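# Observations on chain architecture
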Amino acid sequence: MNAINSDSVSGALGPLSPLTSTFSTSFAQPLKAALPKTYSPGYSGSPRAFFNSILINGDKQLKDCSAQPFKSIDGSPCAYMDNLLYCLVIGIVVPVVTVFYCCGFFCARNGGEKCKCCGAMCRQPNCGGKYPSIAKYSPSETRCCCCGYFLNWIIICIFAVLGFLSTNAASQDIQLVVNSLNSAKAYAPTYKTAMSSRLNQIQSSSLMSLDSSNVNNRLYSVVADTASKVQEASQSMSALISSLKATCDSQNCPTNPQDVSRFQNSTQMPVTFSAYTDRWIAGGAMLATTVTCCPSNASWSGNLLNYSEAYYQNGDLKPDDCIVQSPAIQSKLNSVGGWMCCRCVELSQRLSMCKSNLDRMNSSVQGLNHGIIDRTTLGGAITALASPINTSIDSFDTSMSKISSILVQSSQALTNQAAIVGGSATVWALAIISVSCALFGLLLSISCCWWTSYCLGVVNVIVFFVLFGAFALISLPFGDLCSGIPKTGDSITIQQTWLLTFSAQGRLSDLKPDYIGIYTGCLIPTPPAGNLFRVSGRDKNNITGALKTVTGEFTVSEALIALDVGTYTSLFAESVELVRSNFSTFETVQTSLLSTVKSIQDLKEKAATSFALISGIISDRGSVISNTSDMIWSAANCSGVNNLYEGFRQPLCNRMSKSLDSIWVLFFFIGVAWFPMFCIICRSSKHSLARKGVYDIPVNDDDLNMKDIRDDKDEVWQYCMQCCAPYAVAMLYEPWCLFYVISFNGNSTLDFQVTFSFAAITAPLGFKLHSIF
């Protein structure tokens, strides 16, 4: 399954997604920007503090914010809460003001035939009342009213239909988000089971690869053959040493390195030969390498060696000094001379060291068997790697649970699709029914239909603006939440800003490394870069290294050292010519020497061949480990986890959030669309009466007086002031006029009390408008 790594909403997300996305981008976002902000823009400030407060403190701090609204500082959760309260206040204040002036308008218009002074300014008999002001309106004015009504009717109906569709889409989107979130939260147990099965498959495949490459058997065979050659060379070396010792014994020459009393330098200081350093040692101090056995022509003269009169005295090394057998022993020797005994000890020690080196080589070659991969160990190592993977997937479950804790309350309230569909149908149908009532007034010229639409319009303003304010508490947080949730491919800065949402102290160090790693190492890197091993700070080399550690490190350099025959037989190569020249007359020694030289040469050839074979085996062995590491690394890739994460984030931010934004802005649009409709209704209601021939001409004395005074502007003002001044307090010109009409014409104390109370809660704007429309 390919990871979702784009914010563009594909067609697979549903036919309504382009609609909701368009509304969100074109209308909701500008409206959000136009609203008063109590905090700096961007998720890193108050929005993050708001969500952090919900996670850490629940709703306690938010209740404290509500107790002292509009007194917060930028960057605090209360600043964000204040912004939501602004929307809520708008949703309350606008309907209240609308009710005041619309009710006042309605009462003044329908009681306008009694309000003589209120209609005086229009210079028409029924200007302030419900009847037509003139007997016949011009066709252009009539057409204008009809077009205005139909335009508003179409706009409100379209908004209502879009609102209904957006509400249904939001319901489906919310359900999709909840399902995606539940799937993500339930993924960990399923993934662990699947990963366990996958690792078992990798184990079987790896062992099959091990068997098919025949690495173990090939290595075992090569090591055995090479070790056999080493043992043959060691046996030949032992035979040479035995021949040499036998020859030396026949000449009464010591070969025991501990018998130091038999040799001395020219000052008769005891000396012995150390094969480890390839030097003679006198009195515990090393002699220079130039001090070696004397040549065969050396002889004694008294107590000194008669050989260029060289000697070793007082710590000063004479260039021609040499080592022979002591005079006491020398006198017992035959013509061979003391030099041979010196060579016996020296070569005996050297060859013994060569034998020891061959034995060490044999151990090193045998040690190459540690490169054989134990099947049980390899299988256990593969299975053990499930632990860091499971830890990482638990971190993913934790991250989804924390996001869920932010969404759980609103998601539970919005997932009842039957209730949402029924409620949305009722709310949005209210707008269509309300505006359509006026259609009957237009077609049938029934004035009451216009005023029924007018009253329902007031209800619409109340309903939709209240919904606009209340819905902001849902829509705005979801939109801001999506601005903070990082998407695949986002920068590390965006990831860290989001992660701070879950820190009580606002520090990344407060969060567990695995929780940080699930974002930085798995969810956010573009697939296939993300891997569950990266959550715990591991990379592919760590996996390969872990497998090499448990199966045993085996390198070409290790094989090269073990099979370096030249290093192990270097002393022998230096000793061959000495044996040949000093023991040339001893056939047994020479025969053993030839056999040893041949076995060493065979060993070199075998070692070269074995090294080439072992190099290939090491390569094949490394391929088995590397392929196993590749399979494990691939199995732990984050494509599936990333799909779940993006499968949750994309419906949340690209569908649900935008659907909620569309609903929210449509609430506002329908509420606002009713204000021009009120004007159209007031004017068109008179047109309907005029088309039916209803035209009420004033006939009583008060009306005639009213008509007479309209001829003089100053008298009109004087009359109006005399009529309404006692009641025109605080700009309540029309409400107090209505109070005058009802109370004094009705002659009722109860009417007076009721009217006074009603007038006190109505706004002057409505009464000012009734004389215009």
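Keep in mind that what you see is a predicted model, and the values were worked out from it rather than measured.

Moving on: the overall build of the protein. Within the protein, the regular secondary structure consists of 27 helices and 9 strands. Each of the 773 residues in the protein was classed as buried or not, and the buried ones make up 48%. At a minimum sequence separation of 6, the contacts of the protein that also span at least 24 residues come to 81%. Looking at the protein as shown, the accessible area adds up to about 34,500 Å², and 58% of this sits on carbon and sulfur atoms.

As enumerated under the stated definition, the model contains 3 disulfides in all. With a sulfur-sulfur separation of 1.9 Å, cysteine 522 is cross-linked through a disulfide to cysteine 638. Across the S-S bond linking cysteine 522 and cysteine 638, the dihedral sits near -120 degrees, which makes this disulfide left-handed. With cysteine 522 in helix α15 (residues 513–523) and cysteine 638 in the loop between α21 (587–635) and α22 (639–691), this pair connects stretches of sequence that are 116 residues apart. Cysteine 144 forms no disulfide, and the closest cysteine sulfur to it belongs to cysteine 145, at a distance of 5.7 Å. A relative accessible area of 54% means that cysteine 144 is categorised as exposed. Free cysteine cysteine 449: the closest other cysteine sulfur is in cysteine 448, separated by 4.5 Å.

Attention shifts here to the side chain of serine 629. Assignment of secondary structure puts serine 629 in helix α21. Given the relative accessible area of 0%, serine 629 is considered buried. In this structure serine 629 touches Lys540, Ile543, Thr544 and Leu547, once residues within four positions along its chain are discounted.

Where nonpolar side chains cluster on the molecular surface, the patch consists of Val89, Ile92, Val93, Val96, Val97 and Phe100 and spans about 440 Å² of accessible area. Within the secondary structure layout, isoleucine 92 lies in helix α4 (residues 77–110).

A few words now on the nonpolar core. Formed by 158 residues in total, the largest nonpolar core has its most connected members in Phe396, Tyr519, Leu532 and Leu652. Residue contributions to this core peak at 22 residues, all from α22.

So, about the pattern of salt bridges. A side chain with one charge can pair with a side chain of the opposite charge if their charged atoms come near. Following the criterion strictly, the structure yields 12 salt bridges and no others. Residues lysine 487 and aspartate 490 are paired through a salt bridge, measuring 3.3 Å at the closest nitrogen-oxygen approach. Residue classification places aspartate 490 among the buried residues on the basis of a relative accessible area of 15%.

For the rest of this paragraph, the subject is the packing of α15 against α22. Here α15 crosses α22 at 105 degrees, and the two axes come no closer than 10 Å. As the angle between them shows, α15 and α22 are arranged roughly perpendicular. In contact with Tyr519, Cys522 and Leu523 of α15, α22 contributes Val641, Asn642 and Tyr645. When the residues that make up the contact of α15 with α22 are grouped by side-chain class, the tally is 5 nonpolar, 1 polar and no charged.

Along the chain, alanine 546 falls in helix α17 (residues 540–551). Since its relative accessible area comes to 31%, alanine 546 is described here as partly exposed.

Inspection of the entire model under this criterion finds 31 aromatic pairs. Ring geometry for phenylalanine 51 versus tyrosine 80: centroids 6.3 Å apart, planes at 50 degrees, classification tilted. Here tyrosine 80 lies in helix α4 and phenylalanine 51 lies in helix α2 (residues 46–57), a separation of 29 residues in the sequence. Residue tyrosine 80 is classed as buried on the basis of its relative accessible area, which comes to 0%. On the numbers, 5.0 Å between centres and 10 degrees between planes, the contact of tryptophan 428 with phenylalanine 667 is stacked.

Let us now look at the confidence of the model for the protein. This prediction gives the protein a mean pLDDT of 74; 69% of its residues lie at or above 70. Looking across the protein, the model is least confident in strand β7 (residues 312–313), with a mean pLDDT of 34, and most confident in α21, with 91. Across residues 114–122 the pLDDT falls below 50, and counting only partners more than four positions away or on other chains, this stretch makes 34 contacts in the model. pLDDT under 50 marks residues 326–337. Its contacts with residues more than four places away, or in other chains, come to 18 contacts.

The topology assignment puts serine 238 in helix α7 (residues 215–250). Residue serine 238 is classed as partly exposed on the basis of its relative accessible area, which comes to 27%. Here the alpha-carbon distance between serine 238 and serine 592, two residues 354 residues apart in the chain, equals 9.3 Å.

What follows is about helix α6 (residues 187–213). Taking 1.5 Å of rise per residue, the 27 residues of α6 would be expected to cover 39 Å, and the 37 Å separating its terminal C-alpha atoms lies within 8% of that figure. Once α6 ends, the next one or two residues include asparagine 214, with phi positive near 55 degrees.

Our focus in this paragraph is the environment of cysteine 144. Position of cysteine 144 among the secondary structure elements: in helix α5 (residues 139–185). With 540 residues separating them along the chain, cysteine 144 and serine 684 place their C-alpha atoms 9.8 Å apart.

This paragraph deals with helix α10 (residues 375–384). Given 3.6 residues per turn, any residue in an α-helix points the same way as the ones three and four places further on. Within the sequence span of α10, burial applies to Leu378, Gly379, Ala381 and Ile382. Mapping the buried residues of α10 onto a view down its axis gives an arc of 160 degrees, with all of them on the same face. Two or three places before threonine 376, at the start of α10, stands the capping residue aspartate 374, its side-chain oxygen 3.3 Å from that residue's backbone nitrogen.

What counts as what
Residues numbered from 1 in each chain as written. Predicted model: local features only at pLDDT ≥ 70, side-chain atom pairs only at ≥ 80, totals over all residues. Heavy atoms only, no water. Helix = DSSP H or I, 4+ residues; strand = E, 2+ residues; numbered from the N terminus. Buried < 20%, exposed > 50% of the residue type's maximum accessible area, 1.4 Å probe, protein only. Contact = heavy atoms within 4.5 Å. Areas by Shrake-Rupley, 256 points an atom, 1.4 Å probe, with all protein chains shown as cover. Disulfide = S-S within 2.5 Å. Patch = residues over 30% accessible without salt bridge, like charges linked within 9 Å, V, L, I, M, F, W, Y side chains within 5 Å. Salt bridge = Lys/Arg side-chain N within 4 Å of Asp/Glu carboxyl O. Core = buried A, V, L, I, M, F, W, Y, C linked by side-chain atoms within 4.5 Å. Axes fitted to C-alpha atoms, helices over the stretch in contact; angles between N-to-C directions. Parallel < 35°, antiparallel > 145°, perpendicular 65-115°, else oblique. Nonpolar A, V, L, I, M, F, W, Y, C, P; charged D, E, K, R; others polar. Phe/Tyr/Trp six-rings, centres within 6.5 Å; stacked < 30°, edge-to-face > 60°. pLDDT = per-residue confidence, 0-100. Expected span 1.5 Å × (residues − 1). Arc of directions from axis to C-beta. Polar contact = N/O pair within 3.5 Å; in protein donor to acceptor, adjacent residues only side chain to side chain.

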